[in-house]
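Inside the fold
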Amino acid sequence: MKESITEVINTEPNNSEEELARVRKCLEIAKELVSERSQQAGRNLSYHVTTFGCQMNARDSEKLSGILEECGFIREDDELCADFVIYNTCTVRDNANQKFFGHLGSIGAIKKKRPEMMIGVCGCLSQEESAREKILKSYPFVDLVFGTHNVFDFARLLVMVLTREAQNGKRATVTEIWDDTDMIVEDIPIRRNFKFKSGVNIMFGCNNFCSYCIVPYVRGRERSRSPEDIISEITKLADDGVKEVMLLGQNVNSYGRGLDTKITFASLLRKVAAIDGIERIRFMTSHPKDLSDELIDVIADTPKICRHIHLPLQSGSSRILESMNRHYTKEQYIDLALKIRERVPGIAITTDIIIGYPGETDADIDDTIDVIEKVAFDGAFTFIYSKRTGTPAASMPDQVPEDVVKKNFDRVLAKVQEISTKQAAKIEGRIMDVLVEDINRQDPSLVTGRLSNNLNVHFPGDESLIGKIVDVKLTQCKGFYYIGERIQ
Ligand code: 5AD
Ligand code: SF4
C-alpha cells in the first residue's frame, strides 16, 4: 500500500488528462486515509477554509472545499475547532499580508493546544518567495504550503500531508509551489457556497503587468478555458438550480486569446445567455483598454446580463496612467464610460482607484476627481498604493509621503461617496427585480437581495425567498443600499 501511494504521488503527468488521472487516484487514496483517521478519532474529521482577497480566491476555496468533502472531511464553521484549516491568501496589497501573518500567529497558539490540527496555506501569498520563506522559518507549525497553480492537485498534497512521517518528533512542512502552468484541469469536485449563484472561471492569470501590480507574478500567464468546458459547466450549474453566474478573469475582455477556437468575450456571453435556467450573468474584471463595441452591444441587447460593469480606472491622470502601463488616457476612459452609459441605460459603473502611486501630485488627484465627476461612478473601491517588491513601481523614485497620501485619499473618498450616493438615489420609487440572497444579518424579519445594478435591497421576507427573483419597490434609498417592499 505504502509503496503504491509513493508511486502515485511521484508520477509526472505530461498533460491535463494524465493530471486528472493522477488527481482521481489521489482522491481515492485520500478517502481511505481520511476514513482511517476518522475511525481512530471516533468521529468525522472536519475542515475549514478561510478566504482572503478576491472572487478568484473565493472560487478556488470552493474547489478546495469540494476536494476535502470528496475525501470525507465535513465542514466546520468554527475555524478554531476544525481538524484541517486552510488559509487561501491574498497579497495584492501589503496590509493583506500583515493581516494574514497576524492571524497565522494566533492560530499557532491554538495548534499548540491541539497538535493534531493540520494547517495549510495557499493562494497568492504562497507564490511569493519571501513570504513563503517567512512561513517556513517563522511558522514551522504549518503543515502544507501550496500556490495558485496547483489547487486542482490538492488531493495529492493532502495525501502527502497525511502520510508524511515525523522525524525527531517533528513533521516537515509539505511545500509545493509551481512557478506557472499551462494546464487547466477540468472536472474537479467543487462545493459551492451558494445554491443559486456561482462564480465560473473563464480564464486564469494576467498578462498586463500594470506597473504597481503583483498579480501577473503570482497568478502566472493568461490562459482561457475552452468555451465548450465553460458552457458545459454553466449548463450543469443551471440544472443544479443556479440562476446567476459571475464569469471570472483578471481581464475578461481579452478572453479567447490563444485558444484554437476563435472566440471573443462578447460571443461567449451570447452563448452563456442562451443557457436555459441562467437568469443573470455578471462578469469581473473588465480592463478598459480591451473593452470592445461588440461587448457593449451584447450587454445592451441581452437583458440577462446584469446592468453593472466594474471598470477599474486606477487613476484619472493620463501621465500616471502611462506610468502605470494601463494603455488608455483620461479622455479615452471618460469617452468609453459615457458610451457605455449612453448605449446601456441604467447601467451602474463601478471602479477601482489607487491613491499615492509614485510621483502622484495634487494636479493628478484633480484629474482623478474630474473623472469621478464626469463618469459619475455608482461605486468605487479606493486603495492606498502599496509597494509590492518586484514590481516596476516599487523601485520608482518619488514615493509619495504617507501624510500626503492620507489627505488625497480622504479627498477622493469624499468625492466618490458624494457622487455614488446621488447615483443610487436616482432609482428611488422604482419597482425592480431582485435576486434574494440571504436573511438580513441585523434584522431577521428582512431578507437581503441584489438588484441587477449590484445595489443591495433589504425588505420584509423569509427564508423561502432565498434564491428567488422577485419584484421589489425601492421605497427608501439609504445611500449605498435600499429599503424596499415586495410587490406580489
Ligand atoms: N496597491 C494598491 N492597490 C492595488 N491594486 C492592485 N495592486 C495594488 C497596489 N500595489 C488594486 C487595483 C486593482 C485592485 C484589485 O487592487 O486597483 O484593480
Ligand atoms: Fe493587476 Fe493590471 Fe492584471 Fe489587473 S490587469 S490583475 S491590475 S496587472
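Described in the following lines is the structure provided in the data block.

1. Focus on the packing of aromatic side chains
Two descriptors summarise a pair of aromatic rings, namely the distance from one centre to the other and the angle between the planes of the rings. This model, assessed by the stated rule, comprises 17 aromatic pairs. Here Phe 84 and Phe 154 contribute two aromatic rings whose centre-to-centre distance is 6.3 Å and whose plane-to-plane angle is 70°, an arrangement assigned as edge-to-face. A residue pair is termed long-range when its members are at least 10 positions apart, and Phe 84 in strand β3 (residues 84-89) and Phe 154 in helix α6 (residues 154-163) qualify at 70 residues. A ring pair is formed by Tyr 357 and Tyr 385, whose centres lie 5.8 Å apart and whose planes are at 75°; its orientation type is edge-to-face. Remark: Tyr 385 occurs in the loop between β14 (379-384) and α14 (402-425) and Tyr 357 occurs in the loop between β13 (348-355) and α13 (362-375); sequence separation between them is 28 residues. Accessibility classification places Tyr 357 together with Tyr 385 in one group, the buried group. Counting every residue linked through ring pairs, the aromatic cluster contains Phe 52, Tyr 87, Phe 100, Phe 101, Tyr 139 and Phe 141. Across from the ring centre of Phe 101, 4.1 Å away, lies the NZ or CZ of Lys 134, which sits over that ring. For the cation-ring pair, Lys 197 lies above Phe 194, with the distance from its terminal atom to the ring centre recorded as 4.7 Å.

2. Concerning the sheet that holds β13
On the basis of which strands lie adjacent, the open sheet formed by 3 strands has the order β12-β13-β14 and parallel pairing. Both outer strands of the open sheet, β12 (308-310) and β14, are each paired with one neighbouring strand and no more. Within this sheet the neighbouring strands show an average axis-to-axis angle of 15°, counted without direction. In this structure, β13 lies alongside β14, joined through 6 bridges in parallel fashion.

3. Describing the pattern of salt bridges
A complete count under the given rule lists 42 salt bridges for this structure. Here Glu 70 ties to Lys 31 by a salt bridge, and the two come within 3.6 Å at their closest N and O atoms. In this pair, Glu 70 sits in helix α3 (residues 55-70) while Lys 31 sits in helix α2 (residues 16-41), placing the two residues 39 residues apart along the sequence. Its salt-bridge partner being Asp 94, residue Arg 388 comes within 3.7 Å of it at the nearest N-O pair. Linking Arg 388 in the loop between β14 and α14 with Asp 94 in helix α4 (residues 94-113), this pair joins segments that are 294 residues apart in sequence. The buried category is assigned to Arg 388, whose relative accessible area is 4%. In this structure, a network of salt bridges that share partners links the residues Glu 19, Arg 22, Asp 153, Arg 156 and Glu 176.

4. What about the pairing of strand β17 (residues 456-460)?
Bridge analysis of strand β16 (residues 446-451) against β17 gives 5 bridges, and the strand direction is antiparallel. By the bridge assignment for β17, Gly 449 is matched with Val 457. Summarising the sheet, β17 and strand β19 (residues 481-486) pair through 3 bridges and their orientation is parallel. Of the residues in β19, the one forming a bridge with Val 457 is Tyr 482.

5. Quick notes on the sheet that holds strand β11 (residues 280-284)
One open sheet holds the 3 strands; their spatial order is β7-β10-β11, and the pairing between them is parallel. The open sheet has two edge strands with one neighbour each: β7 (197-201) and β11. Neighbouring strand axes in the sheet, compared pairwise and without regard to direction, differ in orientation by 20° on average. Sheet topology places strand β10 (residues 244-248) next to β11; 5 bridges connect them, and they run parallel. Pairing of Val 245 across the sheet is with Ile 281, part of β11. Lying over the sheet, helix α9 (residues 265-273) contacts β10 and β11, oriented at roughly 155° with respect to β11.

6. Observations regarding the site of ligand 2
Cys 206, Asn 208, Phe 209, Cys 210, Tyr 212, Cys 213, Val 215, Pro 216, Gln 250, His 287 and Arg 326 make up every residue found near ligand 2. Across the shell around ligand 2, the residue classes break down as 7 nonpolar, 3 polar and 1 charged.

7. Digging into the side chain of Ser 211
Examined against the element boundaries, Ser 211 turns out to sit in the loop between β8 (203-204) and α7 (215-219). Relative accessible area serves as the criterion here: at 3%, Ser 211 is assigned to the buried category. For Ser 211, the contacting residues outside a window of four places in its chain are Ser 323, Met 324, Asn 325, Tyr 357, Thr 391, Pro 392, Ala 393 and Met 396.

Criteria and thresholds
- Residues numbered from 1 in each chain as written.
- Chains lettered and ligands numbered in written order.
- Predicted model: local features only at pLDDT ≥ 70, side-chain atom pairs only at ≥ 80, totals over all residues.
- Heavy atoms only, no water.
- Phe/Tyr/Trp six-rings, centres within 6.5 Å; stacked < 30°, edge-to-face > 60°.
- Helix = DSSP H or I, 4+ residues; strand = E, 2+ residues; numbered from the N terminus.
- Buried < 20%, exposed > 50% of the residue type's maximum accessible area, 1.4 Å probe, protein only.
- Lys NZ or Arg CZ within 6 Å of the ring centre and 35° of its normal.
- Pairing = 2+ DSSP bridges.
- Axes fitted to C-alpha atoms, helices over the stretch in contact; angles between N-to-C directions.
- Salt bridge = Lys/Arg side-chain N within 4 Å of Asp/Glu carboxyl O.
- Contact = heavy atoms within 4.5 Å.
- Near = heavy atom within 4 Å.
- Nonpolar A, V, L, I, M, F, W, Y, C, P; charged D, E, K, R; others polar.

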